[in-house]
Amino acid sequence: WEFMPLTTLTAGLRYNEQESGYRFQGTGNPSRLAFGSPFVAVNNFSSLGNKDEHVTGKLSLQRQFTPDLMGYVSASTGYKGHAYDITSSLNELTAAQQPVKPETAKSYEIGVKGSFLANRLTVAATAFSSKFEDYQQNSGSYIPDTLIYQTRLNSLPGVETKGVELDMNALVTSNLLVNAALAYTDATITEFKNAQCYQVSGGTNGGFNASCILRNPLYGNQNTQDVSGGRMPFAPRRKATINARYVIRVPSRSFDAFVTGTLNYQSDMFTNLDQNPINYVRPTTYLHGGFGIRDKKGRYTLSLRVNNLLDKRYLANRSVQLGNFNASAPNPPATIQTTTWTPPRNAFRNIAIKLDTTF
């Protein structure tokens, strides 16, 4: 609704009524069946008729200050229905914990977008805040009233993410284009009092971290810790990407050449909800470079790119496990701590050749 010149109000409302559920039949047990016997299912689980109603909406106000500059503010709510974890870990204990609660969210955003210097520079800046209740997240924990540890879909009581983002595109010269994206994001756990503990080799608290409450009576005699105020996994606070492309004009040819370079930076992060220091990943900075040729009519582009130009190793995920190794008498069993990490694609220098064509 453009209720006044250059000022627009946008509103939306949705009512959602949902019923969900599942039926699950596990594989048969051939050891109990004679040859040729019909299939017999075991591990039959179900959760049916789970109903929920919810209303979500969005309200935004946009102002076109000049033909090249606009600003906006918006507020919205979100909803995700009941969830079910019917992966390979499904058993009688985990099935009894389902369904996982619906997830709700409230989000606020304010931003500006503009073009300057005869459209040679475009800028978009945004500040945002989102709060989630019953955030659905896969994590490991003990089944209530047991000390059976299981990785499964859980519901975190509270999560919040807030920050600012800045995107810029600048045509510095007729041949040099620079793109930059900067972001600061603070993603925290606002409430999660029954999070899983983590093991500490030789620890004095039953082999767990000092803040772990062993057999916590408030949460089904599980081993729990309060990670409220902790950081969400895989959520670096600062990220930056700067990309430059320089075109080399070749007057006597049907193509032009170009050189590209990209600088990526990411601050430190954790890779697990339990805040285990072993799952800490250090800040990373990487450089990518390349060159190529492009048909002046835009019909094809042939490029060569070297990712991780300096061949700098880095981690994307790291975990620690404790295992008991048996030993022949009279030697006692040994507890060994193993650390594993998963290298992402660009953890090592790699070269890519790419051909783009248009028809």
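A. Here's a closer look at the overall build of the protein. Regarding its fold elements, the protein presents 1 helix and 19 strands. Relative to the 2.2 N^0.38 estimate, which gives 21 Å for 359 residues, the radius of gyration of the protein is 27 Å and therefore markedly larger than a compact globule would have. Counting only C-alpha atoms, the protein reaches 80 × 60 × 55 Å along its principal axes. The burial tally for the protein puts 32% of its 359 residues in the buried class. Taking all contacts inside the protein whose residues are at least 6 apart in sequence as the whole, residues at least 24 apart take part in 62%. Approximately 22000 Å² of the protein is accessible, and the part contributed by carbon and sulfur atoms is 56%. With 35 positive and 25 negative side-chain charges, the protein shows a spacing of 11 Å between the two charge centroids.

B. Quick peek at unusual backbone geometry. Following Q98, the chain continues to P99 via a peptide bond in cis, the omega torsion being 5 degrees. Mapped onto the elements, P99 comes out in the loop between helix 1 (92-95) and strand 4 (103-116). Phi is positive for L6, close to 70 degrees, though the residue is something other than glycine. Residue position: L6 is located in the segment before strand 1 (7-24). Despite not being glycine, N221 has its phi angle at roughly 60 degrees, a positive value. Positionally, N221 belongs in the loop between strand 9 (213-216) and strand 10 (222-225).

C. Highlighting the sheet that holds strand 19 (residues 350-357). The 12 strands lie next to each other as 1-2-3-4-5-6-7-11-12-15-16-19, forming an open sheet whose pairing is antiparallel. A strand with exactly one partner marks an edge of an open sheet, and here the two such strands are strand 1 and strand 19. Going from strand to strand, the sheet's axes swing by 15 degrees on average, the running direction of each strand aside. Two strands pair when backbone bridges link them, and strand 6 (residues 149-171) and strand 7 (residues 176-191) are joined in this way by 14 bridges, in the antiparallel orientation. Bridge pairing links V164 to Y184 in strand 7.

D. Spotlight on the sheet that holds strand 8 (residues 195-196). Across the sheet, 3 strands lie side by side as 8-10-9; this open sheet has antiparallel pairing. What marks the edges here is a single partner per strand, and that holds for strand 8 and strand 9.

E. Summary view of the environment of T241. Relative to the assigned elements, T241 resides in strand 11 (residues 238-248). Between the C-alpha atoms of T241 and A181, which are 60 residues apart in sequence, the distance is 5.2 Å. Within the local environment of T241, its side chain forms a polar contact with the side chain of N264, the two groups lying 3.2 Å apart.

F. Expanded view of the pairing of strand 15 (residues 284-295). Here strand 12 (residues 255-266) runs beside strand 15; their pairing, made up of 12 bridges, is antiparallel. Across the sheet, the residue bridging to Y265 is T285, located in strand 15. In the sheet, strand 15 pairs with strand 16 (residues 300-307) via 6 bridges, with the strands oriented antiparallel. Note on strand 16: the bridge partner recorded for R294 is T301. In sequence, strand 15 turns back onto strand 16 through a hairpin of 4 residues, with G298 there showing a positive phi of about 75 degrees.

G. How the structure looks around the side chain of E160. For E160, the position within the fold is in strand 6. Despite its burial, E160 pairs with no opposite charge, the nearest such side chain being K162 at 4.3 Å. With residues near it in sequence (within four places) discarded, E160 still touches S129, S130, K131, D186, A187, T188 and T190.

H. Representation of the nonpolar core. With 12 residues, the main nonpolar core is built from A105, F132, L156, V159, A187, I189, F192, A195, V227, M232, A235 and L273. Of all the secondary structure elements, the ones that give two or more residues to this core are strand 6 and strand 7. What V227 contacts, discounting residues up to four positions off in sequence, is I189, F192, A195, L273, D274 and Q275.

I. Highlighting the packing of aromatic side chains. This model, assessed by the stated rule, comprises 5 aromatic pairs. Ring centres 6.3 Å apart and planes at 20 degrees place the aromatic pair F24 and F45 in the stacked group. Here F24, found in strand 1, pairs with F45, found in strand 2 (residues 45-66); they are 21 residues apart in sequence, far enough to count as distant. Judged by its relative accessible area of 25%, F24 falls in the partly exposed class. Since its relative accessible area comes to 13%, F45 is described here as buried. Taken together, a centroid distance of 5.9 Å and an interplanar angle of 70 degrees make the contact between F270 and Y280 edge-to-face. Of this pair, F270 sits in strand 13 (residues 269-270) while Y280 sits in strand 14 (residues 280-281), and the two are 10 residues apart along the sequence. When its relative accessible area of 15% is taken as the criterion, F270 is described as buried. Residue Y280 is classed as partly exposed on the basis of its relative accessible area of 28%.

Rules used throughout
Residues numbered from 1 in each chain as written. Predicted model: local features only at pLDDT ≥ 70, side-chain atom pairs only at ≥ 80, totals over all residues. Heavy atoms only, no water. Helix = DSSP H or I, 4+ residues; strand = E, 2+ residues; numbered from the N terminus. Rg over C-alpha atoms; globule rule 2.2 N^0.38 Å. Buried < 20%, exposed > 50% of the residue type's maximum accessible area, 1.4 Å probe, protein only. Contact = heavy atoms within 4.5 Å. Areas by Shrake-Rupley, 256 points an atom, 1.4 Å probe, with all protein chains shown as cover. Lys, Arg positive; Asp, Glu negative; His and termini not counted. Charge placed at Lys NZ, Arg CZ, Asp CG, Glu CD. Pairing = 2+ DSSP bridges. Axes fitted to C-alpha atoms, helices over the stretch in contact; angles between N-to-C directions. Polar contact = N/O pair within 3.5 Å; in protein donor to acceptor, adjacent residues only side chain to side chain. Salt bridge = Lys/Arg side-chain N within 4 Å of Asp/Glu carboxyl O. Core = buried A, V, L, I, M, F, W, Y, C linked by side-chain atoms within 4.5 Å. Phe/Tyr/Trp six-rings, centres within 6.5 Å; stacked < 30°, edge-to-face > 60°.

Interpretation note: all reported values are geometric properties and have no functional meaning in isolation.
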